[in-house]
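Inside the fold
In case you want the letters, here they are:
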Amino acid sequence: MNSIENSLSAKLRELKEKKQAALVSFFPLGFPNMNTSIDVCAQLLCGGTDILEVGIPFSDPIADGPTIQAASQQALANGANPKKCFEAVRKLNASVPVMILTYYNLLYKMGVENFVSEAKKAGVSAILAADLPIEEASEFEKACAKHNVATVFIIAPNTSSERVKKIALHTTGFLYLMAHFGVTGEKDNVEDLTIQAVKRVKKATNTPVCVGFGISKEEHARKLAEAGADGVIVGSAFVKASRAGESIEALARKLKHATLKK
Amino acid sequence: MFYDYPDKNGKFGVFGGKFVPEVITPLLEELEQAYNNAKKDEQFQLQLNDLLKHFAGRPTPIYFAENLSKRVGGARIFLKREDLAHLGAHKINNALGQALLAKFMGKKRVIAETGAGQHGVATASACAKLGLKCRVYMGSVDVERQALNVFRMKLMGAEVTPVESGSKTLKDAINEAFRDWIANVHDTHYLIGSVVGPHPYPLIVRDFQSIIGKEAKKQASDTIGKLPDCIVACVGGGSNAAGIFSEFVSDEKVKLIGVEAGGKSKKSGEHAASICLGTKGVLHGSLGFVLQDEFGQIIETHSVSAGLDYPGVGPEHCLLHELKRAEYVSATDEEALEAFKTLSECEGIMPALESAHALAHAVKLAKKMKKEESILVCLSGRGDKDVEIIKKNTSLL
């Protein structure tokens, strides 16, 4: 693994020493409007979130399921854009590392280096572009290295161990393991496929591995933490809870509790 | 000129590439491998040629539009009659090629996106013929304006899934097809209908459509007497244009012109002219000209023809534009409707509204050219599917 030293790497190391998996909480900025989303993020932090992952909405999110698609669409309709999202991160002034999840065209359009540098100035520690594989990422990696922003890349259950190793070489933050075949959204169970994938990936690389897509329950988080995941990523469940007016903080707290390995 | 694209990374100059979620990467590699094998596989080639000849009815003729040429005055206008191919459009060429490829890959299920419905219909037909399960994603706006094609797909056994997200048109149908593919990586082939998407799609679709250009080149001496001075084709994603251009790129005397959808006006949101009015961006897996706002959000487009109503364009067209090997212009809704009417009246041929864009530009061009000169228009499809729209827009005529 290539290493950079920033708040994200420090956080992951700290949790590892404490034998905890990280709770990575995702929420799309601007949903349903910017102020409410900042409020939700604050609740996620109060609930014990270790890494806050914020979405910058894109009009055509091909890796996202209906919940996040609809949220992105609403955020865009209410005027969300990267500039306002950076402003929101600055305002939030989080005590934990903040990472961005978005799609590559938003970086490309703003100028990749400009995007990374603006993100950094706002307090962002890591960036993931969901449709950017390592083959297309050289400009992105250069900008991230220059501004001390960690890179996060996705791996999937069908990514060969050989390719996992290759992707790990480009990853200075963590590997984002897609838990199952499909888009983002809640699922009932953590499949055996996911547990096997975690074990296989952990064997292939020392780079931290966080698991996302379909993780919504304490039981999911516990199983993944036990299987060796360095973090669990929860997103759609928070969007749903916020739509339903349920306590975000309580949900985060429950999930965080489940990441404490025995 | 030396022209050999895409390169091994799937790039057409700076354009193209594979901007996809990681889960799709192994699928693209598998597809590229299978395609390279199929190219050398005699069985595959024999079967495909047989299907193209006996099932799709190829070759399609080049037709001299004598009445139209006389009326316009100027260059002689010829039509490459893709409207006479099975199901009434060039889409069958690619659908058969890829469906056969899916079969050779051992896939059981095919998914596709469609705008005007022509690609959906072609895919449904190819899947029926080859015994593959077929699901077609179609924006709900298009489902409504191309109802006849929805019915045709269903008749041939395809499942049609209306897409309600985003602008509810072609781009959203593509998003949804990608999502399906991500969830069904093991048994499904995504049969993309145009020269768009991540590598190797722009290459594969162009190659399967290059039969249009290969035939045209062979037929030119008998019909036109020489190579045409100019080839005109409509460009949404750009598959019929890529197919006919591909054989003539190295014939530098042949002028290549792609015609985009000018819609109602040049105002943002009122057209679909990605090369003429767009900027560089990444959409649906490749880098090219896209219609987007200052932050990179994709803008909704408008065209009277559903098949051109797309905010991106194939990466190869972006390169041909940048190399100035092809020229890209636009025709408005009104000009396309007028061309539809003109061709119907004077030749008894109803063109698809997509093809009518190419025709509209050809007519303009012919007026400025000499009688000895010739224009070959790729008449990519027939207009039966569009008569409802024509009826609604008669006030424009």
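Our subject in this report is the structure included herewith.

About the thresholds
Residues numbered from 1 in each chain as written. Chains lettered and ligands numbered in written order. Predicted model: local features only at pLDDT ≥ 70, side-chain atom pairs only at ≥ 80, totals over all residues. Heavy atoms only, no water. Helix = DSSP H or I, 4+ residues; strand = E, 2+ residues; numbered from the N terminus. Buried < 20%, exposed > 50% of the residue type's maximum accessible area, 1.4 Å probe, protein only. Contact = heavy atoms within 4.5 Å. Areas by Shrake-Rupley, 256 points an atom, 1.4 Å probe, with all protein chains shown as cover. Lys, Arg positive; Asp, Glu negative; His and termini not counted. Charge placed at Lys NZ, Arg CZ, Asp CG, Glu CD. Arc of directions from axis to C-beta. Axes fitted to C-alpha atoms, helices over the stretch in contact; angles between N-to-C directions. Parallel < 35°, antiparallel > 145°, perpendicular 65-115°, else oblique. Left-handed = near helix turned anticlockwise from the far one by under 90°. Nonpolar A, V, L, I, M, F, W, Y, C, P; charged D, E, K, R; others polar. Pairing = 2+ DSSP bridges. Polar contact = N/O pair within 3.5 Å; in protein donor to acceptor, adjacent residues only side chain to side chain. Buried area = accessible area lost by both parts, 1.4 Å probe. Salt bridge = Lys/Arg side-chain N within 4 Å of Asp/Glu carboxyl O. Phe/Tyr/Trp six-rings, centres within 6.5 Å; stacked < 30°, edge-to-face > 60°. Lys NZ or Arg CZ within 6 Å of the ring centre and 35° of its normal. Expected span 1.5 Å × (residues − 1).

Looking now at the overall build of chain B. Counting its regular elements, chain B contains 15 helices and 14 strands. Across its three principal directions, the C-alpha atoms of chain B cover 55 × 45 × 40 Å. Within chain B, the fraction of its 397 residues that count as buried is 65%. For chain B, long-range pairs separated by at least 24 residues make up 74% of all intrachain contacts whose partners lie at least 6 apart in sequence. Working note: accessible area of chain B is about 14100 Å², and carbon and sulfur atoms make up 51% of it. The positive charge centre, built from 49 side chains, and the negative charge centre, built from 49, are 3 Å apart in chain B.

Our focus in this paragraph is helix α10 (residues 218-227) of chain A. Spacing of three or four residues puts side chains on the same side of an α-helix, whose turn is 3.6 residues. Residues and elements named next belong to chain A. Residues of α10 that are buried: His220, Ala221, Leu224, Ala225 and Ala227. Looking straight down α10, one finds that the buried residues subtend no more than 160° of arc, so they occupy a single side. The inward-facing, buried residues of α10 abut α9 (192-204), β8 (209-212), β9 (231-234) and α12 (248-258). Gly228 occupies a position one or two residues after α10 and carries a positive phi of about 110°.

We now examine the packing of α10 of chain A against α12 of chain A. Residues and elements named next belong to chain A. Packing of α10 against α12 brings their axes to within 8 Å, and their N-to-C directions diverge by 25°. Considering the angle they form, α10 stands roughly parallel to α12. As for how α10 packs across α12, the hand of that crossing is right-handed. Judged by residue contacts, Glu218, Ala221, Arg222 and Ala225 of α10 engage Lys254, Leu255 and Ala258 from α12. Broken down by class, the residue content of the contact of α10 with α12 amounts to 4 nonpolar, no polar and 3 charged.

A word on the sheet that holds strand β3 (residues 62-64) of chain B. Residue and element names in this part refer to chain B. Sheet architecture is open: 6 strands sit in the order β3-β4-β14-β9-β10-β13, paired in mixed fashion. Unpaired on one side and paired on the other, β3 and β13 (326-332) mark the two borders of the sheet. Neighbour-to-neighbour, the strand axes of the sheet open up by a mean angle of 30°, direction not taken into account. Both β3 and strand β4 (residues 76-81) contribute to a ladder of 3 bridges, which runs antiparallel. Residue pairing across strands places Ile62 opposite Lys80, the latter belonging to β4. Taken strand by strand, helix α13 (residues 333-347) contacts β3, β4, β10 (255-263), β13 and β14 (374-379), and its axis lies near 90° from that of β13.

We now examine the side chain of Thr259 of chain A. Examined against the element boundaries, Thr259 of chain A turns out to sit in the segment after α12. Polar side-chain contacts of Thr259 of chain A include one of 2.6 Å to the backbone oxygen of Lys256 of chain A.

Here we take up the interface of chain B and chain A. At the interface, 37 residues of chain B touch 34 residues of chain A. When chain B packs against chain A, close to 2900 Å² is buried across both sides, 56% of that on carbon and sulfur atoms. For the chain B face of the interface with chain A, the top three residues by lost area are Glu22, Arg179 and Phe295 of chain B, together amounting to 25%. In this assembly, chain B and chain A are joined by 3 salt bridges. Note that Lys171 of chain B and Asp60 of chain A form a salt bridge whose closest N and O atoms lie 2.8 Å from each other.

A few words on the packing of helix α8 (residues 161-169) of chain A against α9 of chain A. Residue and element names in this part refer to chain A. Two elements in contact, α8 and α9, have axes separated by 9 Å at closest approach and are oriented at 60°. Of the possible angle classes, the one that applies to α8 and α9 is oblique. Read as a crossing pair, α8 and α9 show a hand that is right-handed. For the pair formed by α8 and α9, the contact residues are Ser161, Val164 and Lys165 on the first element and Arg200, Val201 and Ala204 on the second. Counted by class, the contact of α8 with α9 contains 3 nonpolar, 1 polar and 2 charged residues.

The next point concerns the packing of aromatic side chains. As enumerated under the stated definition, the model contains 16 aromatic pairs over all chains in all. For the ring pair Phe27 of chain A and Phe31 of chain A, a centre distance of 6.0 Å and an interplane angle of 45° mean the geometry is tilted. Across the pair, Phe31 of chain A and Phe27 of chain A agree in class, each one buried. Taking the centre distance of 5.0 Å and the plane angle of 65° together, the rings of Tyr3 of chain B and Tyr5 of chain B count as edge-to-face. Pairwise contacts between aromatic rings join Phe178, Trp181, Tyr190 and Tyr201 of chain B into one cluster. Directly above the aromatic system of Phe64 of chain B lies the positively charged group of Arg76 of chain B, at a separation of 5.9 Å from the ring centroid.

Now for unusual backbone geometry. Cis geometry marks the peptide bond from Phe31 of chain A to Pro32 of chain A; its omega dihedral reads -10°. Here the bond from Tyr5 of chain B into Pro6 of chain B is cis, since omega is 0°, no more than 30 degrees from zero. With respect to the helices and strands, the residue Pro6 of chain B is situated in the segment before β1 (11-12). We note that His284 of chain B has phi near 50°; this positive angle belongs to a residue other than glycine. By the secondary structure assignment, His284 of chain B is in the loop between β11 (279-283) and β12 (286-290).

Moving on to the sheet that holds strand β1 (residues 22-28) of chain A. Residues and elements named next belong to chain A. Pairing in this open sheet of 9 strands is parallel, and the strands run β5-β4-β3-β2-β1-β9-β8-β7-β6 from one edge to the other. Each having just a single partner strand, β5 (150-151) and β6 (153-155) make up the two edges of the open sheet. Where strand β2 (residues 51-55) lies against strand β3 (residues 98-102), 4 bridges are found, and the strand directions are parallel. Its bridge partner lying in β3, Gly55 is registered against Leu101. Helix α2 (residues 34-46) contacts β1 and β2 of the sheet and is inclined by roughly 170° relative to β1.

Glancing now at helix α3 (residues 66-77) of chain A. Here α3 of chain A spans 16 Å end to end across 12 residues, near enough to the 16 Å set by a 1.5 Å rise per residue. All of the buried residues along α3 of chain A are Thr67, Ile68, Gln69, Ala71, Ser72 and Ala75 of chain A. Buried residues in α3 of chain A make contact with β1 and α11 (236-244) of chain A together with α8 (170-183) of chain B. Gly79 of chain A lies just past α3 of chain A and shows a positive phi near 90°.

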